[in-house]
Amino acid sequence: MEIAERRRLPSDRAMWQDVTRALSEALGRHEVPCVRGRGRAFVAPISGDCLGGAHAGGDGVRVIVLGGTWFVGRAIVAALRAAGHTPLVVHRGRAEPADLADVEHLHAERQSWPAHRDTLAAFEPGAAIDVSAENGAGARAALDALPSGIRLIALSSVDVYRAYEGMLARQLTDAVPLTEASALRTVRHVEGPHWENLELEERYLAAGAMVLRLGAVYGEHDYQRRFEPVLRRIRGGRTVLPVGAGNFLFSRVYVGDVARAVLAAVTSDHRRHGCFNIVETQTAPMGLFYAQIIAAAGADLELVRVSDEVLPADLRASAAVGQHLLASGQKARDVLGWRDSDPQEALRRSVQWHRANPPKDWDADFSGDDVALRTL
Ligand SMILES: NC(=O)c1ccc[n+]([C@@H]2O[C@H](COP(=O)([O-])OP(=O)(O)OC[C@H]3O[C@@H](n4cnc5c(N)ncnc54)[C@H](OP(=O)(O)O)[C@@H]3O)[C@@H](O)[C@H]2O)c1
């Protein structure tokens, strides 16, 4: 969005800012979710004594999960446990979902993690996965706290590619699909001063880590509610959904498949550092994706094409986009043996979860739709 501001977009600038906001939110820039403690017993902070039970790891790997209780991290922790590994979850303790897998916790603010270096070493980890570094300072705090010689994995995003910059600036910059060798962004902090995946990648790669570049993640517990523009219309009994050109190709990935990618990285024989795109094999353009969500919900909601200029704010991700953000996950499949799951089943499960767990304060105002539809 900073790029859009600087380059003084033409008359439809306001519309485009909404588009870029919708798209950048889809890439993970968001306020903290409304997950709060619900009385689950936890260890805060852990001590040597508390770690006693966590040492019984069997053949599994003892894995420090930095973050781990909101959405992506939550799925990773569940997958690690299910696969027989032993996670230690390190976070502040603000988000303590009742149904989180039963694992040990260290509650500490990220910038204080280096002071817990001995505690983390006492856990005797074989690997660490940083789910929520957010920027270079976040990565440095983690790296200063972790024991040396363990396998390192860090999550990043396909927003590191120059194509993302091109998409925001409405310039055609790159051929797709993007591979790990595609050009990186030349402009930093496009999402504001706090966020920068390029910084965290640099620090982690220098430390020998594997970096997983995620597409737009969807699935159970997604606090960004990326299906909500469609689901709220179904919930509100609408029969028609105004949609724009709907051509945008934006690689997505199911949260369970991200967790499987982390499992593959933890146990892979591949020892070299490097980046891996973690994205679905095939990507539906945005308009078709809306239709797939409707079908997965078993709903009767017709997509009706309107001019991009009159799209309601929450449907502007369906406006025409020139530079696509389509990435290839071939390297992860070849090197890590990772596979994404059946897309229909992943979407069905995700839509089902979001329909069963609607936001408490969902927006039932459809006046923007009526305005758009009256232009036909
Ligand atoms: N969602 C997407 O579409 C998408 C796309 C591309 C990449 N990604 C990547 O996915 C990752 C985010 O996933 P997520 O938010 O679902 O992760 P998560 O690990 O499930 O949740 C974030 C964790 O960080 C902890 N935390 C937050 N601020 C902290 C702080 N200052 N100190 C210590 N702990 C802190 C939170 O717990 P407390 O609140 O208890 O501290 C929580 O456990 C990011 O790396 C993002 O770039 C996401």
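Residues numbered from 1 in each chain as written. Predicted model: local features only at pLDDT ≥ 70, side-chain atom pairs only at ≥ 80, totals over all residues.

> An account of the confidence of the model for the chain is requested, with residue identities and associated values reported.
Taken over all residues, the pLDDT of the chain has a mean of 87, while the share at 70 or more is 85%. Between residues 1-17, whose pLDDT stays under 50, and residues either more than four places distant or in other chains, the model counts 21 contacts. Confidence drops under pLDDT 50 across residues 28-57; counting only partners more than four residues distant or on other chains, this segment forms 50 contacts. (pLDDT = per-residue confidence, 0-100. Contact = placed C-beta atoms within 7 Å.)

> With reference to specific residues and values, describe unusual backbone geometry.
V176 connects to P177 through a cis peptide bond whose omega is 5°. Positioned with a positive phi, E124 is a non-glycine residue whose angle comes to about 55°. Topologically, E124 is positioned in the loop between helix 4 (117-122) and strand 4 (127-130). On the basis of neighbour count, E124 is assigned to the partly exposed category, with 15 C-beta atoms found within 10 Å. Within the chain, E134 stands out as a residue other than glycine whose phi angle is a positive 75°. (Helix = DSSP H or I, 4+ residues; strand = E, 2+ residues; numbered from the N terminus. Buried ≥ 20, exposed ≤ 12 C-beta atoms within 10 Å, placed from the backbone.)

> Lay out the sheet that holds strand 5 (residues 151-157) in plain terms, naming residues and giving numbers.
An order of 3-2-1-4-5-6-10 is seen for the 7 strands of this open sheet, with the pairing classed as parallel. What marks the edges here is a single partner per strand, and that holds for strand 3 (104-107) and strand 10 (274-278). Geometrically, the sheet is characterised by an average inter-axis angle of 20° between neighbouring strands, direction not taken into account. Judged from the 5 bridges that link them, strand 6 (residues 210-214) and strand 10 form a sheet pairing that is parallel. Bridge pairing in strand 10 places M210 opposite G274. In the packing of helix 7 (residues 197-206) onto the sheet, the strands contacted are strand 5 and strand 6, and the crossing angle to strand 5 comes to about 165°. (Pairing = 2+ DSSP bridges. Axes fitted to C-alpha atoms, helices over the stretch in contact; angles between N-to-C directions.)

> How would you summarise the environment of Q330 if you had to cite specific residues and measurements?
Tracing the sequence through the fold places Q330 in helix 11 (residues 330-336). Take Q330: there are 15 C-beta atoms within 10 Å of it, and that puts it in the partly exposed class. A sequence separation of 51 residues divides Q330 from V279, and the C-alpha atoms of the two residues are 9.1 Å apart.

> Account for the packing of helix 8 (residues 228-235) against helix 10 (residues 286-297), with residues named and values stated.
In the contact formed by helix 8 and helix 10, the axes pass within 10 Å of each other and the chain directions differ by 45°. One element, helix 8, and the other, helix 10, form an angle in the oblique class. For the pair helix 8 and helix 10, the crossing hand works out as right-handed. From helix 8, V230, L231 and I234 reach across to helix 10, where they touch Y290, I293, I294 and A297. When the residues that make up the contact of helix 8 with helix 10 are grouped by side-chain class, the tally is 7 nonpolar, no polar and no charged. (Parallel < 35°, antiparallel > 145°, perpendicular 65-115°, else oblique. Left-handed = near helix turned anticlockwise from the far one by under 90°. Nonpolar A, V, L, I, M, F, W, Y, C, P; charged D, E, K, R; others polar.)

> A description of the environment of D369 should follow, citing residues and the corresponding values.
Following the sequence through the fold, D369 ends up in helix 13 (residues 367-374). On a C-alpha basis, the gap between D369 and A313 in space is 9.6 Å, while along the polypeptide they are 56 residues apart. Those residues within four positions of D369 in sequence are excluded, and the remaining contacts are R238, P242 and P312.

> Tell me about the packing of helix 10 against helix 12 (residues 343-356), and name the residues and values.
Put simply, helix 10 and helix 12 touch, their axes get as near as 9 Å, and they point 70° apart. On the basis of the axis angle, helix 10 is roughly perpendicular to helix 12. From helix 10, Q292, I293, A296 and A297 reach across to helix 12, where they touch L347, R348, V351 and R355. When its residues are assigned to classes, the contact of helix 10 with helix 12 shows 5 nonpolar, 1 polar and 2 charged.

> Describe the nonpolar core, naming the residues involved and giving the relevant values.
One broad trend across soluble globular proteins is that nonpolar side chains are buried collectively. V65, I76, I153 and V258 are the most contacted members of the largest nonpolar core, which has 105 residues in total. Examining the composition of this core, we find that 9 residues originate from one element, helix 9 (residues 255-267), more than from any other. Excluding its chain neighbours within four sequence positions, the residues that come into contact with I76 are V65, G68, I129, V131, A259 and V262. (Core = buried A, V, L, I, M, F, W, Y, C linked by C-beta atoms within 7 Å.)

> Give a description of the pairing of strand 6 that names residues and reports values.
Counting buried positions along strand 6 yields 5 of 5 residues, so the element is predominantly enclosed. On strand 6, burial covers both faces: M210, L212 and L214 on one face and V211 and R213 on the other are all buried. Two elements, strand 5 and strand 6, share 5 bridges in a ladder whose sense is parallel. Directly across from S157, in strand 6, lies its bridge partner L214.

> Talk me through the pairing of strand 4; I want residue IDs and the actual numbers.
Burial of strand 4 is two-sided: the residues A127 and I129 facing one way and the residues A128 and D130 facing the other way are all buried. By the bridge criterion, 4 bridges tie strand 1 (residues 62-66) to strand 4 in an arrangement that is parallel. Along strand 4, the bridge assignment pairs I64 with A128. Note: strand 4 against strand 5, 4 bridges, orientation parallel. Bridge pairing links D130 to A154 in strand 5. For the segment spanning strand 4, helix 5 (residues 136-145) and strand 5, crossover handedness is right-handed. (Right-handed = clockwise from strand over helix to strand, strands pointing away.)

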